[in-house]
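Tertiary structure, described
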Amino acid sequence: MSRIPEAEQVSAERYRPPVGHATTTVQQHILQEQKRFPGASGEFSWLLSGITLATKMIQAKVRQAALTDILGEHGEVNVQGEVQQKLDVYANDVLMRCLASRASLGVLASEENEHPLIVPNASPSAKYAVIFDPLDGSSNIDTAVSVGTTFSILCRPAGSDDRDVTSWVLQPGVKQVAAGYVVYGSSTILVYSAGNGVHGFTLDPAIGAYMLTHENIRMPAQGKYYSVNEARCDSFPAGYRKYLDRLRGGGLGREYGSRYIGSMVADVHRTLLKGGVFLYPPTAEHPGGKLRLLYEANPIAFVIEQAGGQAIDGQRRILDIQPQSIHQRTPLAIGSRVEIEALRQCLQEA
């Protein structure tokens with residue numbers, strides 16, 4: 001066998017891509033994640049592609065809202081008793097249309113609809129349900145404040161009837177197989193978890209793809225911001241008021257700053273990246289809380305826990321709550337370990 005001349009020998013080195021150069025799309029990442037599941041058929045990645053497509057369409061409409069006469073109220077009141085915005089209706093329709101073509105999806109449930117819907121094109125072996133809030137914070141859209149979409153994916157319960165849609169949806173959050181949210185702000189960012197950490201993707205408008213920019217997000221053990229609507233503070237239970245006094249007074253070993261946007265997804269996203277705590281306590285007007293357990297609290301809690309944080313309703317872990325109704329509401333506190341443990345202590349002492 002002939003030998004390579006010494007002058008022509010080249011030592012092999014590992015290729016290292018340029019720092020900060022995102023080359024992994026969300027579709028590639030989902031396919032890689034799917035390999036962890038024996039017998040994976042591609043149904044899950046195809047389902048998630050429906051969500052990513054819909055959110056691209058929503059972000060385009062959000063950015064053009066003032067130019068295309070889609071700002072303001074739609075004129076209808078949804079099942080929550082809230083006046084629908086034009087963008088609420090658009091976002092809901094887009095998600096429904098993009099997901100209804102996925103044969104592996106059997107049931108869709110939206111915060112905007114009174115009842116869950118059976119997907120007409122579902123295969124007899126359809127095994128997934130998707131629950132979503134199409135446009136969180138849409139009342140802020142007229143003032144160019146960040147808004148978002150939340151989503152939750154559940155598997156069909158064993159032994160459930162094809163038309164028993166309630167059993168598909170009324171499952172505790174710990175049963176979620178994936179969940180996430182999209183923030184439509186200065187950039188459009190998709191954050192999701194399929195039970196193996198939390199990953200963030202930024203939409204590159206030049207190529208129309210979500211690119212991996214935040215791999216394996218981990219929350220700091222303690223942050224430096226708290227996020228709550230302090231205008232309602234006088235109607236919070238005593239334990240929450242005591243907790244806020246501790247935060248303001250340096251009782252957790254540092255001084256905290258207040259940050260509150262008023263769009264839940266935007267406030268949660270900052271808390272995920274920077275640590276601290278986001279609170280939506282019960283009030284005199286809403287003693288059972290105001291956020292929806294299935295559409296908002298469960299997907300957010302799933303992401304936060306996967307990133308090392310905690311999510312509670314003041315007494316219980318959010319993901320352990322057994323839902324009793326489709327539009328059930330709940331208080332919500334999510335945050336870093338130090339802040340949530342301190343909240344638990346204040347609520348127990350009150």
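See the structure printed just above.
An account of the accompanying structure is given in this report. Think of each chain on its own: its residues are numbered from 1, step by step along the sequence as written. Given that the model is predicted, a residue must reach a pLDDT of at least 70 before its local features are reported, and side-chain atom pairs must reach 80 or more before they are shown or counted; all residues, however, enter totals for whole chains, interfaces and linings. The side-chain numbers reported here are obtained from all heavy atoms of the structure, hydrogens and water having been left aside.

1. Side note on the sheet that holds strand β13 (residues 277-280)
Just so we agree on the cut-off: Strands qualify as paired when DSSP identifies two bridges or more between them. By the criteria applied, helices consist of DSSP H or I runs no shorter than four residues and strands consist of E runs no shorter than two, each listed in order from the N terminus. Contacts: residue pairs with any heavy atoms within 4.5 Å of one another. Axes here refer to lines fitted to C-alpha atoms; in helices the fit is confined to the stretch in contact. Angles between the N-to-C directions go from 0 to 180 degrees.
Reading across from one edge, β12-β11-β13-β17-β15 is the order of the five strands in this open sheet, with mixed pairing throughout. One side of each edge strand has no neighbouring strand; the edge strands of this open sheet are β12 (257-258) and β15 (310-312). Pairing analysis gives two bridges linking strand β11 (residues 225-227) to β12, with the strands arranged parallel. From the neighbouring strand, Tyr225 faces β12, where its bridge partner is Gly257. Where helix α6 (residues 264-274) meets the sheet, its contacts fall on β11, β13 and β17 (332-335), and the angle it forms with β13 comes to roughly 150 degrees. Running over the sheet, helix α7 (residues 293-306) touches β15 and β17 and is turned about 20 degrees from β17.

2. Details of the packing of helix α5 (residues 238-248) against helix α8 (residues 337-349)
Filter applied, for reference: Each angle gets one of four labels, with under 35 degrees taken as roughly parallel, over 145 as roughly antiparallel, 65 to 115 as roughly perpendicular, and the rest as oblique. It is the rotation of the near helix from the far one that decides the hand of a crossing: anticlockwise by less than a right angle makes it left-handed, clockwise makes it right-handed. Classes in brief: Ala, Val, Leu, Ile, Met, Phe, Trp, Tyr, Cys and Pro nonpolar; Asp, Glu, Lys and Arg charged; the others, Gly included, polar.
Where α5 contacts α8, the two axes come as close as 8 Å, and the packing angle between them is 135 degrees. Of the possible angle classes, the one that applies to α5 and α8 is oblique. Remark: the crossing between α5 and α8 carries right-handed chirality. In this structure, α5 uses Gly239, Tyr240, Lys242, Tyr243 and Arg246 to contact α8, whose residues at the interface are Glu339, Ala342, Leu343, Gln345, Cys346, Leu347 and Glu349. Tallied by class, residues from the contact of α5 with α8 come to six nonpolar, two polar and four charged.

3. A few points about the packing of aromatic side chains
Aromatic rings in a pair are described by how distant their centres are and how their planes are angled relative to each other. Rule in force here: Pairing of aromatic side chains requires ring centres within 6.5 Å, counting the rings of Phe and Tyr and the six-membered ring of Trp. Pairs whose planes differ by under 30 degrees are stacked, by over 60 edge-to-face, and all others tilted. Only protein chains enter the calculation, and the probe is 1.4 Å; a residue is then buried if its accessible area is under 20% of its type maximum, exposed if over 50%, and partly exposed in between. Note on geometry: a ring has a charge over it if NZ (lysine) or CZ (arginine) is within 6 Å of the ring centre and within 35 degrees of the ring normal.
Applying the stated criterion across every chain, the model contains three aromatic pairs. Centroid distance Phe44 to Tyr128: 6.0 Å. Interplanar angle 50 degrees. Geometry classified as tilted. One end of the pair, Phe44, is in helix α2 (residues 43-63); the other, Tyr128, is in strand β5 (residues 128-136), and 84 residues separate them in sequence. The exposure class assigned to Phe44 is buried, which follows from its relative accessible area of 12%. Taking 6.5 Å as the distance between ring centres and 65 degrees as the angle between the ring planes, the aromatic pair formed by Phe278 and Tyr280 counts as edge-to-face. By relative accessible area, Tyr280 is classed as partly exposed at 24%. Across the ring face of Trp46, the terminal group of Arg102 is positioned such that the distance to the ring centre comes to 3.8 Å.

4. Quick notes on the nonpolar core
Put simply, the rule reads: By nonpolar core is meant a set of buried Ala, Val, Leu, Ile, Met, Phe, Trp, Tyr and Cys residues that side-chain atoms within 4.5 Å join together.
If you look at the biggest cluster of nonpolar residues, it comprises 39 residues, and the most contacted ones within it are Leu99, Val130 and Ile153. Looking at this core element by element, the count peaks at eight residues for helix α3 (residues 86-100). Beyond its immediate stretch of four places on either side in the chain, Leu99 contacts Leu47, Gly50, Ile51, Leu105, Leu108, Val130 and Phe132.

5. Remarks on a positive patch on the surface
What counts here: Two joining distances apply to patches: 9 Å for like charges and 5 Å for nonpolar side chains (Val, Leu, Ile, Met, Phe, Trp, Tyr), and every residue must have over 30% relative accessible area and no salt bridge. In these tables, accessible area is a Shrake-Rupley quantity obtained with a 1.4 Å probe, and a residue counts as shielded only by the protein chains included in the view. Just to be clear on terms, a salt bridge is a Lys or Arg side-chain nitrogen sitting within 4 Å of an Asp or Glu carboxyl oxygen. When charges are counted, Lys and Arg are positive and Asp and Glu negative, with His and the chain ends excluded. Where a charge lies is defined by one atom per residue type, namely NZ (Lys), CZ (Arg), CG (Asp) and CD (Glu).
A surface patch of like charges, here positive, comprises Lys224, Arg254, Arg259 and Lys274. Secondary-structure assignment places Arg259 in the loop between β12 and α6. Judged by relative accessible area, which is 37%, Arg259 ranks as partly exposed.

6. As for empty space enclosed by the protein
Threshold: Only protein atoms enter the 1 Å grid, on which a cavity is a set of points fitting a 1.4 Å probe that cannot get out and a pocket is an open set with protein on both sides within 12 Å along at least 5 of 7 lines, lining residues being those with an atom within 4 Å of a point. Grid points are joined across faces, edges and corners, and a volume is the space filled by probe spheres set on the points.
Inspection of the entire model under this criterion finds one cavity of 30 Å³ or more. Considered as a void within the structure, the largest cavity measures approximately 40 Å³ in volume. Residue composition of the lining of the largest cavity, by class: six nonpolar, one polar and no charged.

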